[in-house]
Amino acid sequence: MSNQLTKADAARKREKNPNSLLSALKNGGPIVWLSCLIMGLGNFAAGQIIKGLIFLAIEVGMICLLTIPIIPDIAKVPHSGIDWIKMLPSLGDREDGKEVVGNIEVTVFGDRSQMILLYSVIFFAIIVAFIVIWQASVRSGYQALRTKKSGKKAPTFVQDVKSLFDENIHKLMMIVPFILLMVFTVVPLVYMICMAFTNYDSKHQNLFDWVGFDTFALLFESGGSISKQFWSVLGWTIVWAFFATFLNFFLGTFMAMIINRPTTRIKGFWRTMLSFTIAIPQFVSLLIIGQMFALNGIINRMLMDLHWIAEPIKFTDNATNARIFVIVINLWVGIPYTVMQVTGILKNIPADLYEAAKIDGANVVQQFMNITLPYMIFVLTPYIITSFTGNINNFNVIFLLTGGGPFGLEGTAGKTDLLVTWLYRLSVEKFEYNLAAVIGIFTFIILAIISLVTYRSSGSYKDEEGFK
Amino acid sequence: MAKNKMSGSVKASRITMDIIVHIFLTIVAIVWVMPFVYLIAQALRGGNNNGVDSSVFFPTSYSFQHFIRLFTDTSVVNFPRMFWNTFKIAAVSCVLGTFLVLAVSYCLSRVKWKLRRPYMNMGMVITLFPGFMSMTATYFLLKAMGLTTGENIPLALIICNISGAGVGFHVMKGYMDTIPKALDEAAYLDGATKWQTFIKITLPLCKPMIVYQIITSFMGPWCDFIFAKLICRDEKDFYTVSIGLWDMLKMDSISTYFTRFCAGAVVIAIPISILYIITQRFYQEAMSGSVKG
């Protein structure tokens, strides 16, 4: 069923779309050609006055936005869109200066590269959006004219609006989330990716320049301080993700199976005890745990009162201890999630498999190795992969427990820093935006490789509607 | 006879096993709830010490003073105000966010359009970038729009909360995919538009999932301490609960605010865990299928 559908889709794609921009330009005639310059002309000619006016208004608005100086810079001097984009290649070069007016020394503001880059990215996004609307307007005019030529009446504005609630409902419903996504996620991402190619760091706060791949090169420079930190953080991130994922998975499975044993009483109670961890905000539970394990915290105190240790254990002040500490506490955070997942799956294993195994004389261990484990690995592989990528980005546990520390004498990366927590510190606290951006891009590449390899080969990607 | 004997020893070993398992589970349960017991005990601590007191796990005297001070002593840390700020942000963003997620999921699940596949691929690529990477950039953008000062801060936080709706469709779309297409087709045959189908057929069938979505997006702002902190900076009037609590544990305030932190944490943890339990019920209901019978 779904195969036929995709085949039909592909066939339809191969057919030439009679309303494409190309065919509009080829067969459109003078009015359509002119409507490339004056948007909405085709719609006017076909009698769609309101639609034509809307397109025309968008074009006028766009021209105003690009040419009329409306956006003020740091010195409150307004610039037009084109002005901002013109400054993009140099990213500005006027430094802040002093000027004596009368007897008072006044600061004269220079350029702010960060603003130039931001507004340029925004205007580029607006231009892209405009091009999309422009080609839609040319096509819409062409289509309306064709309808008129064939003797029918082009759809009126009311009909167009009505179609938004029916066959074009996706246009109505997607517009707001799509714009929000573009403006507040994609534009910032593009902006940040641009920063990776500049020298926007703590030493270049007002003015910075394009430096190409220099910051990327820093990561591979042998013996460099940045490259040393980067590889040690990357190594720990992988080690952490590995332990955090698999320890949680195996211990969680073990716990779920113990709770699910037929003779275990009050199963619901044990699960509720575990699920407290999920229900309570992590910043509360992890901060309080951090306090409990502090040097003068209650845990050290109790262990000393029991005479198990002579002096307080430094859980977070020493690299090895801190790393073990975060992995162990992460068990506390992660096991309940695994128990939740696994409990549902254990219930779904067909009972007749076990009965058949029993008849064949398999003992409990054999049943586990040959039925339970293969079944769970089959079902839970996507879950393991998601939790692996999730752990690479596991900000909360590290940030709230150790804050990335303990810190060495040089550099900004601590011994328990993951790529994300380091990225956070670099951008929010240390203002090393270019390095933060490069690390973000690397994290993306790592996650993209993992996801491509795993999702591409999984059935659910290839055939979305297959599992029905 | 021999069979009886054997089953007897099997039974004995099973009872030993049961005892071991239950002792083990008791220890596990104690370890798992210990931080929360400690939190509540510290929140209820009597006496004049408001800092960290590690001498005993359970305090020697109990009182509600920290809860009372949390809500009445608003001179430095205005907790009621933070609570109200967070509530406003959470309420508005959960209504708007849920609607956007529903709209996106409906379009991706029920409507065939040209850019559907590309859109979903783009969504996947976007989610692969670490959220913290674009965080500062988003702040610069909001600042350029003038949304990071004074009264505009709640608006900025709401925008940040709902802007992810465009890519946060997976659970809802997966659920909508389980609703039989035949229902939609029957509605079209009866002359319903797609909008009517969405309102009259899809939405009612998604009810458990909608409740799940509403509560999860309501809980988001209560737990977010990174983005809120970045946007609020020093504007204390617009702090949310999580920033306020976070600040109480800072080096210079922990000696006077630790017990109040515990009280505040209890105050927000209780409603959130209740909401969580409710969402779990609806989630399970949703997972058992959209159309029963």
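Residues numbered from 1 in each chain as written. Chains lettered and ligands numbered in written order. Predicted model: local features only at pLDDT ≥ 70, side-chain atom pairs only at ≥ 80, totals over all residues. Heavy atoms only, no water.

Draft legend 1. The arrangement of the overall build of chain A in detail. Scanning chain A from N- to C-terminus turns up 21 helices and 4 strands. The C-alpha atoms of chain A give a radius of gyration of 31 Å, which is well past the 23 Å a tight globule of 468 residues would have. Considered along the principal axes of its C-alpha atoms, chain A spans approximately 90 × 85 × 40 Å. Relative to its 468 residues, chain A shows a buried fraction of 43%. (Helix = DSSP H or I, 4+ residues; strand = E, 2+ residues; numbered from the N terminus. Rg over C-alpha atoms; globule rule 2.2 N^0.38 Å. Buried < 20%, exposed > 50% of the residue type's maximum accessible area, 1.4 Å probe, protein only.)

Draft legend 2. Molecular detail of the side chain of T338(A). All names here are of chain A. Here T338 lies in helix α15 (residues 319–348). T338 sits in the buried class, given a relative accessible area of 2%. For T338, the side chain forms a polar contact with the main-chain oxygen of N248, separated by 3.4 Å. Residues within four places of T338 in sequence aside, it is in contact with N248, F249, G252, T253 and Y383. (Polar contact = N/O pair within 3.5 Å; in protein donor to acceptor, adjacent residues only side chain to side chain. Contact = heavy atoms within 4.5 Å.)

Draft legend 3. Here's a closer look at the pairing of strand β3 (residues 97–101) of chain A. Residues and elements named next belong to chain A. Relative to strand β4 (residues 104–108), β3 runs antiparallel, the two sharing 5 bridges. From the neighbouring strand, V100 faces β4, where its bridge partner is E105. Once β3 ends, the chain turns through 2 residues before running back antiparallel as β4, passing G102 with a positive phi of about 65°. (Pairing = 2+ DSSP bridges.)

Draft legend 4. Broad picture of the interface of chain B and chain A. Listed as interface residues are 87 residues of chain B and, on the opposing side, 92 residues of chain A. A combined buried area of about 7900 Å² lies between chain B and chain A, and 80% of that area is made up of carbon and sulfur atoms. A per-residue breakdown of the area chain B buries against chain A is headed by W32(B), F36(B) and M133(B), which together make up 10% of the total. Our count for the chain B to chain A interface comes out at 1 salt bridge. In this structure, D18(B) and R261(A) form a salt bridge, with 2.9 Å as the shortest nitrogen-oxygen distance. The interface formed by chain B and chain A includes 7 residue pairs in polar contact (both at pLDDT 80 or more). (Buried area = accessible area lost by both parts, 1.4 Å probe. Salt bridge = Lys/Arg side-chain N within 4 Å of Asp/Glu carboxyl O.)

Draft legend 5. Spatial organisation of the nonpolar core. L117(A), M195(A), W240(A), I231(B) and F261(B) are the most contacted members of the largest nonpolar core, which has 204 residues in total. Setting aside residues up to four positions removed in sequence, I231(B) forms contacts with Y139(B), L142(B), T148(B), I153(B), A156(B), L157(B) and C160(B). (Core = buried A, V, L, I, M, F, W, Y, C linked by side-chain atoms within 4.5 Å.)

Draft legend 6. Region of interest: a nonpolar patch on the surface. Residue and element names in this part refer to chain A. On the surface, I49, I50, L53, I54, I58, F157, V161 and F165 cluster together into a nonpolar patch covering about 620 Å² of accessible area. Contributions of two or more residues to the nonpolar patch are made by α5 (49–67) and α8 (157–163). Ranked by residue count, the leading element in the nonpolar patch is α5, at 5 residues. On the secondary structure map, I54 appears in helix α5. (Patch = residues over 30% accessible without salt bridge, like charges linked within 9 Å, V, L, I, M, F, W, Y side chains within 5 Å. Areas by Shrake-Rupley, 256 points an atom, 1.4 Å probe, with all protein chains shown as cover.)

Draft legend 7. Layout of the environment of I278(A). If you trace the backbone, I278(A) turns up in helix α12 (residues 267–279). For I278(A), a relative accessible area of 13% gives the class buried. Remark: the alpha-carbon pair of I278(A) and I335(A), spanning 57 residues in sequence, is separated by 9.9 Å. Setting aside chain neighbours within four positions, we find I278(A) in contact with P336(A), Y337(A), M340(A) and Y276(B).

Draft legend 8. Just the domain arrangement of chain A, in detail. Residues and elements named next belong to chain A. The assigned domain composition of chain A is domain 1 (17–212) and domain 2 (219–462). On a C-alpha basis, the centres of domain 1 and domain 2 stand 44 Å from each other. Taken residue by residue, the interface counts 10 residues in domain 1 and 9 residues in domain 2. At the boundary of domain 1 with domain 2, total buried surface from both sides reaches about 760 Å², with 66% on carbon and sulfur atoms. Across the contact surface, domain 1 and domain 2 share 0 salt bridges. Tallied by class, the residues present in the side of domain 1 that touches domain 2 amount to 5 nonpolar, 4 polar and 1 charged. (Domains from an automatic or database assignment. Nonpolar A, V, L, I, M, F, W, Y, C, P; charged D, E, K, R; others polar.)

Draft legend 9. Quick peek at the packing of helix α11 (residues 225–260) of chain A against α12(A). All names here are of chain A. Relative to each other, α11 and α12 sit at 155°, their axes nearing to 9 Å. The orientation of α11 with respect to α12, classified from their angle, is roughly antiparallel. Seen from α11, the contacting residues are M255, I259 and N260; seen from α12, they are K267, W270, R271 and L274. (Axes fitted to C-alpha atoms, helices over the stretch in contact; angles between N-to-C directions. Parallel < 35°, antiparallel > 145°, perpendicular 65-115°, else oblique.)

Draft legend 10. A look at the pattern of salt bridges. Tallied over the full model, the rule gives 10 salt bridges over all chains. For R425(A), the salt bridge goes to E429(A), with nearest N and O atoms at 3.9 Å. Highlighted residues: R425(A) and E429(A), both in helix α19 (residues 419–429), separated by 4 residues, approximately one helical turn. A relative accessible area of 7% places R425(A) in the buried class. Here D247(B) ties to K250(B) by a salt bridge, and the two come within 3.2 Å at their closest N and O atoms. Judged by relative accessible area, which is 14%, D247(B) ranks as buried. Judged by its relative accessible area of 38%, K250(B) is partly exposed. The network of salt bridges with shared partners includes D417(A), R425(A) and E429(A).

Draft legend 11. Just helix α9 (residues 194–205) of chain B, in detail. Taking 1.5 Å per residue as the helical rise, α9(B) with its 12 residues ought to reach 16 Å, and the 15 Å between its terminal C-alpha atoms agrees with that figure. Among the residues making up α9(B), those that are buried are K194(B), T197(B), F198(B), T202(B) and L203(B). Burial along α9(B) is one-sided: seen end-on, the buried residues are contained in an arc of 150°. The elements touched by buried residues of α9(B) are α9 (169–195) of chain A together with α3 (79–110), α7 (170–177), α8 (181–189) and α10 (207–223) of chain B. (Expected span 1.5 Å × (residues − 1). Arc of directions from axis to C-beta.)

Draft legend 12. Region of interest: the confidence of the model for chain A. Here chain A averages 84 in pLDDT, and 93% of its residues register 70 or above. Within the model, the stretch residues 459–468 of chain A combines pLDDT values under 50 with 16 contacts to residues more than four positions away or in other chains. (pLDDT = per-residue confidence, 0-100.)

Draft legend 13. Focus on unusual backbone geometry. Residue and element names in this part refer to chain A. The residue H307 is not glycine, and still its phi comes out positive at about 60°. By secondary structure assignment, the location of H307 is in the loop between α14 (298–305) and α15. Not every positive phi belongs to a glycine, and F431 is a case in point at roughly 60°. With respect to the element layout, F431 can be found in the loop between α19 and α20 (433–457). Residue classification places F431 among the partly exposed residues on the basis of a relative accessible area of 36%.

Draft legend 14. Representation of the packing of α12(A) against α15(A) within the structure. All names here are of chain A. Between α12 and α15, whose axes approach to 8 Å, the crossing angle comes to 125°. Our classification of the angle between α12 and α15 gives oblique. Handedness of the crossing formed by α12 with α15: left-handed. Across the interface between the two elements, R271, L274, S275, T277 and I278 from α12 touch W332, V333, P336, Y337, V339, M340 and T343 from α15. Each residue belonging to the contact of α12 with α15 can be placed in one class, and the counts come to 8 nonpolar, 3 polar and 1 charged. (Left-handed = near helix turned anticlockwise from the far one by under 90°.)

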